[in-house]
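Each chain, written out:
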Amino acid sequence: MINSGCIFVLRCISSNVRPQFVNKTVRCISTTITKYSPPPELNKSKKNDFSPKNFGLNAVLQRFKGSISGNIMQESINTLQVKKRPIKKRKQEAEAGYFGVTAYATADEYDLERLAKSLREQDLYAHQKFFPEDSNDEEPKDVLHVRAKIQVEAEPRDIYFFREGTVVMWNCTDLECGNILTYLKQFEIDFYDENVVHEECEMMMYNYTKTDGNAFLRNNKFYLSKSGSPNNNLERYTYSNAISLSVKLGIWEASLDQYINSMEFVTEDLKKGERIKISRQDMLRKTGELFALRHLINLSSDLLDTPDFYWDRDQLETLYQQTCNYFSISRRTRVMNEKLNHCVELAELINSNLNDIHHVRLEWMIIILIMVEVGFEILHFADRFL
C-alpha cells in the first residue's frame, strides 16, 4: 500500500496536481508508516536499509517537507500581530526567614492630606517620622509613612504612600494588601484599570544584614541594616522610592502599548494605501495623549534624575541608584522615549495627510462655488442679450 501511495504521489508531481491535495496525501502516507512501523528496538538492524522502496518514499517526503513547512510558516507570518511587551515583573515566592515587599501603582495621584486624616481617624496605623524631632533635616516631600499599631509578629508592617499614586507595603499579607488597595480607592485621582494594576505590580523579598554594615541589594533581595539602626527607616524609604518608580513606569509602558495597539489599524491603512479611517478630532486627541505621556515621563517624574533628597546622602544615593539599575529604569525610560518619538512621527504623518485631505476638500468647495457663480453670470448674460 505504501509503495502504491508513493507511485501515486510521484504521478501527482509530474502532472502538476494541486499542492494542497498532494500535501494531504503525503501526510496520510506518513501516518500509515508510523502506524505500521515496528518498535525502534526491533528496527535497529534495518538502520541502513536503502531499498528502492524506502529511497523513493524518502525522496517524496523530502520533496514536500519544505513545501508543507513553507505553507505553515506563511500562515504564521500572516497571523503575526504587533509584538507585545512581555510581563517581566519579579513576583518572587516567599522564602523562610525573608519578608515580602509589594508595590502597586493605582492612580495618577493620591490626596495625601485626606488620606492622612482618614488614617488618624481609623486609628489602625500610626504616622512615622523619618527623622527625630530635634533633627534639622527636612522630611521627604510627597510621601506618607505609616506603621501598623497592631503587631502580629516581631517584624513591623510599614506602608509608604507616594503622592504620584503608588503604594509600597512591607511585610503585609495578601489579605491586608487587598484591603489597603480597596481603602485607597476613595483617595485616588484618575485611577487605573484594576487588571493593569495587578499585572504591573512588583514583589520582592527582604531581610537584615548579619553585620553592622549598610544596606545593599544582592541575589534579587533587599537587605537592610540591623533593626534599630538609625538608617533603617531611611533605607526602607530609599528602596520604596525606587520600586514605586518602577511600578509607575510599568503603568506608563502599558499605556503606551495600548496606544500602539489602538493605532495599529491606521498603519495598516497606510501600508495598503487605503483611506485613513480616523477623523482630525480623534487624531488630535491621540496626539495629545502622546504629549501628555511624554510630559509625565520626562518632566513630572524622577526617571531622568536623582531626587534632591539624596544629594547630600551619598550612601542612600548609591543604594537608590543600585535599586533603579536593578529594575532597569534608565534603559526602560530610554526605550519608552524611542517608542514615543516613533509614535509622534507617525502622528505627524497622519495629521499631515488628514490636513491635505481637508485642504483639497476646501479647494473643491471653492471651485464649485466659483462654477456656480459663473453659471449664474452666464444665465444673466443670456437673459440680457438674447
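Look up a bit, the structure's there.
Residues numbered from 1 in each chain as written. Predicted model: local features only at pLDDT ≥ 70, side-chain atom pairs only at ≥ 80, totals over all residues. Heavy atoms only, no water.

Engineer: So what exactly am I meant to see when it comes to the state of the cysteines here?
Structural biologist: Under the criterion given, the structure shown has zero disulfides. Left unpaired, cysteine 172 is separated from the closest cysteine sulfur, that of cysteine 177, by 5.1 Å. (Disulfide = S-S within 2.5 Å.)

Engineer: Would you mind showing me how to read the sheet that holds strand β6 (residues 166-170) here?
Structural biologist: In space, the eight strands of this open sheet follow the order β3-β4-β5-β6-β1-β8-β10-β9, with mixed pairing throughout. Pairing within the sheet leaves two strands with one partner each, and these edge strands are β3 (125-127) and β9 (216-218). For this sheet, the mean inter-axis angle between neighbouring strands, taken without regard to orientation, is 25°. As paired strands, strand β4 (residues 143-148) and strand β5 (residues 158-162) are joined by five bridges and run antiparallel to one another. Its bridge partner being in β5, histidine 145 is matched across the sheet by tyrosine 160. (Pairing = 2+ DSSP bridges. Helix = DSSP H or I, 4+ residues; strand = E, 2+ residues; numbered from the N terminus. Axes fitted to C-alpha atoms, helices over the stretch in contact; angles between N-to-C directions.)

Engineer: Help me understand a negative patch on the surface in this model?
Structural biologist: A contiguous patch of negative charge, built from Glu164, Asp302, Asp305 and Asp308, is present on the exposed surface. Examined against the element boundaries, glutamate 164 turns out to sit in the loop between β5 and β6. Note on glutamate 164: relative accessible area 31%, which makes it partly exposed. (Patch = residues over 30% accessible without salt bridge, like charges linked within 9 Å, V, L, I, M, F, W, Y side chains within 5 Å. Areas by Shrake-Rupley, 256 points an atom, 1.4 Å probe, with all protein chains shown as cover. Salt bridge = Lys/Arg side-chain N within 4 Å of Asp/Glu carboxyl O. Lys, Arg positive; Asp, Glu negative; His and termini not counted. Charge placed at Lys NZ, Arg CZ, Asp CG, Glu CD. Buried < 20%, exposed > 50% of the residue type's maximum accessible area, 1.4 Å probe, protein only.)

Engineer: Sorry if this is basic, but what is going on with the packing of helix α7 (residues 232-262) against helix α11 (residues 329-385) here?
Structural biologist: In the contact formed by α7 and α11, the axes pass within 11 Å of each other and the chain directions differ by 25°. By the angle between their axes, α7 is roughly parallel relative to α11. The two elements α7 and α11 meet at a crossing, and its hand is left-handed. Here α7 contributes Ala242, Leu245, Ser246, Leu249, Gly250, Trp252, Glu253, Leu256, Asp257, Tyr259 and Ile260 to the contact with α11, which in turn contributes Ile329, Arg332, Thr333, Met336, Lys339, Leu340 and Cys343. Split by residue class, the contact of α7 with α11 holds 11 nonpolar, three polar and four charged. (Parallel < 35°, antiparallel > 145°, perpendicular 65-115°, else oblique. Left-handed = near helix turned anticlockwise from the far one by under 90°. Contact = heavy atoms within 4.5 Å. Nonpolar A, V, L, I, M, F, W, Y, C, P; charged D, E, K, R; others polar.)

Engineer: Would you mind going over the environment of aspartate 137 with me for this structure?
Structural biologist: Looking at where aspartate 137 falls in the secondary structure, it is placed in the loop between β3 and β4. For aspartate 137, a relative accessible area of 39% corresponds to the partly exposed category. The residues contacting aspartate 137, other than those within four sequence positions of it, are Phe131 and Arg313.

Engineer: Just checking my understanding: could you explain helix α9 (residues 280-298) for this structure?
Structural biologist: In an α-helix, one turn spans 3.6 residues; hence positions three or four apart end up facing the same way. The end-to-end C-alpha distance of α9, which contains 19 residues, comes to 27 Å, matching closely the 27 Å that a straight helix rising 1.5 Å per residue would cover. All buried positions along α9 are accounted for by Met283, Lys286, Thr287, Leu290, Leu293 and Ile297. The buried side chains of α9 occupy one side of the element, clustering within an arc of 120° when seen end-on. Along α9, the residues that are exposed and aim more than 90 degrees away from the buried face are Gln281 and Leu284. Packed against the buried residues of α9 are α7 and α11. (Expected span 1.5 Å × (residues − 1). Arc of directions from axis to C-beta.)

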